[in-house]
Amino acid sequence: MSRLTPLDPAKLDPATAALFNQLLQDYGPYANMLSAFAPRPPALKHFFSYLVQSRQDGLISPRHLEIALLTASKAHACHYCVTLHTPKLAAHGISQEAIDRLLEPELPGLDEKDLVVRDYAVLVTLTPAQVSDAFYQKLQSFFSEEQIVELTIRIALCSFFKRFNEALEVPHEDVVALELGHGAA
C-alpha cells in the first residue's frame, strides 16, 4: 500500500494533468510510478520526459539496456524493478536460467558485450569508485562516450528509483505483459 494519497487526476492543475496523460501514452502505462511523482510536477516532467527521450534516441540496444537495468535492480534488491524488468529481459532472448543467475560470475548464454554491460551495472550500483581504467577501456571497446554516459545515467537511476519506491511504498505495476504486447522497450 502506497504511503501517498491516491492520485485524483481531477485535482491536478491542467498543465500537470496534460503532462501526466502524455507520459502515460509516451512512456507506458506506469500509473503508480507517475502518480507518485505527480505531487511534484517538475520531477514528473524532467525524469520521465528524459526516459521517453532516451527510449526514442535508442543509444543503447533494448537488450543491453534491460541487462543493465535488471542487473542493477537485482544488485540492490529492488522488488519493484526486478518485477518489471525480468519479463522484459526474457523478451530479448535471455533464458530464465541466465536471468535467475544474472549476478553470478559465470553465466552461460551471454556474450562478451552482454557481460561487460552486466559487470558495469554491478560496479555502478554497488562500488562505482571501483570502475578501473582497464574496465573502462573494455567498456569503450563496445560503446561510444555518449552511449557510456547514457548507460551510466540509466543504471544510476535504478538506485534512485529503488530508494524512491521503497520509501514511499509505491506498488509495482502490473503492466509488463501489456507493454511487451505493444513492443515497448
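Structure: above.
Just so we're clear, the structure is a prediction, and the values are computed from it rather than from any experiment.

Parameters and conventions
- Residues numbered from 1 in each chain as written.
- Predicted model: local features only at pLDDT ≥ 70, side-chain atom pairs only at ≥ 80, totals over all residues.
- Heavy atoms only, no water.
- Helix = DSSP H or I, 4+ residues; strand = E, 2+ residues; numbered from the N terminus.
- Buried < 20%, exposed > 50% of the residue type's maximum accessible area, 1.4 Å probe, protein only.
- Areas by Shrake-Rupley, 256 points an atom, 1.4 Å probe, with all protein chains shown as cover.
- Lys, Arg positive; Asp, Glu negative; His and termini not counted.
- Charge placed at Lys NZ, Arg CZ, Asp CG, Glu CD.
- Contact = heavy atoms within 4.5 Å.
- Phe/Tyr/Trp six-rings, centres within 6.5 Å; stacked < 30°, edge-to-face > 60°.
- Core = buried A, V, L, I, M, F, W, Y, C linked by side-chain atoms within 4.5 Å.
- 1 Å grid on protein atoms, 1.4 Å probe; cavity = no way out; pocket = protein on both sides within 12 Å on 5 of 7 lines; lining within 4 Å.
- Points joined across faces, edges and corners; volume = space filled by probe spheres on them.
- Nonpolar A, V, L, I, M, F, W, Y, C, P; charged D, E, K, R; others polar.

Secondary structure summary: the protein contains ten helices and zero strands in total. When the helices and strands of the protein are placed in sequence order, the string is α-α-α-α-α-α-α-α-α-α. Its C-alpha atoms put the protein at 50 × 30 × 30 Å along the principal axes. Buried residues in the protein amount to 41% of all 185 residues. Of the roughly 9600 Å² of accessible surface on the protein, 57% is carried by carbon and sulfur atoms. Measuring between centres, the 15 positive side-chain charges of the protein sit 4 Å from its 22 negative side-chain charges.

It is worth spelling out unusual backbone geometry at this point. Phi at A77 takes a positive value of approximately 55 degrees, unusual for a residue other than glycine. Relative to the elements of secondary structure, A77 occurs in the loop between helix 4 (62-75) and helix 5 (79-90). What makes A77 exposed here is its relative accessible area of 53%. Its identity as a non-glycine residue notwithstanding, E169 has a phi of 50 degrees, on the positive side. Relative to the assigned elements, E169 resides in the loop between helix 9 (145-168) and helix 10 (176-181).

Further remarks concern the environment of C158. On the secondary structure map, C158 appears in helix 9. Relative accessible area serves as the criterion here: at 5%, C158 is assigned to the buried category. Each C-alpha atom of the pair C158 and H76 lies 9.0 Å from the other, and the pair is 82 residues apart in sequence. Sequence-distant contacts of C158, defined by excluding residues within four places in its chain, comprise L69, A72, S73 and H76.

With that settled, the discussion passes to the packing of aromatic side chains. If you walk through the whole model with that rule in mind, you get 13 aromatic pairs. Taking 4.7 Å as the distance between ring centres and 15 degrees as the angle between the ring planes, the aromatic pair formed by F47 and F160 counts as stacked. You can see F47 sitting in helix 3 (residues 41-57) and its partner F160 sitting in helix 9, a full 113 residues away along the chain. The class for F47 is partly exposed, based on a relative accessible area of 25%. Three or more aromatic residues joined by ring pairs make a cluster, and in this case those are Y27, Y30, F37, F47, F48, F160, F161 and F164.

On to the nonpolar core. Among the nonpolar cores identified, the biggest contains 27 residues, and L89, I94, Y120, L139, F143, L151 and I155 are the most heavily contacted of them. The set of elements that each furnish at least two residues to this core consists of helix 4, helix 6 (96-100), helix 7 (112-126), helix 8 (133-140) and helix 9. Not counting the four nearest positions on each side in its chain, I94 is found in contact with R63, I67, L89, I99 and L110. Listed in part, the 25 residues of the second largest apolar core include L12, Y27, F37 and L51.

This part is about the layout of surface pockets. When its volume is computed, the largest pocket comes out at roughly 400 Å³. In terms of lining residues, the largest pocket is bounded by 25 residues, among which Y27, L51, L69, H85 and R154 are the most central. Sorting the residues of the lining of the largest pocket by element identifies helix 3, helix 4, helix 5 and helix 9 as the ones contributing at least two each. Considered class by class, the residues forming the lining of the largest pocket number 17 nonpolar, three polar and five charged. Roughly 260 Å³ of internal volume is contained in the second largest pocket. Forming the walls of the second largest pocket are M1, S2, L4, T5, P6, L7, N32, S35, A36, P39, V170 and P171.

Moving on, we get to the environment of V124. The residue V124 is located in helix 7 in this model. The exposure class assigned to V124 is buried, which follows from its relative accessible area of 14%. C-alpha of V124 to C-alpha of K45: the two residues are 79 residues apart in sequence and 25 Å apart in space. Apart from the residues within four sequence positions on either side, V124 is in contact with T152, I155 and A156.

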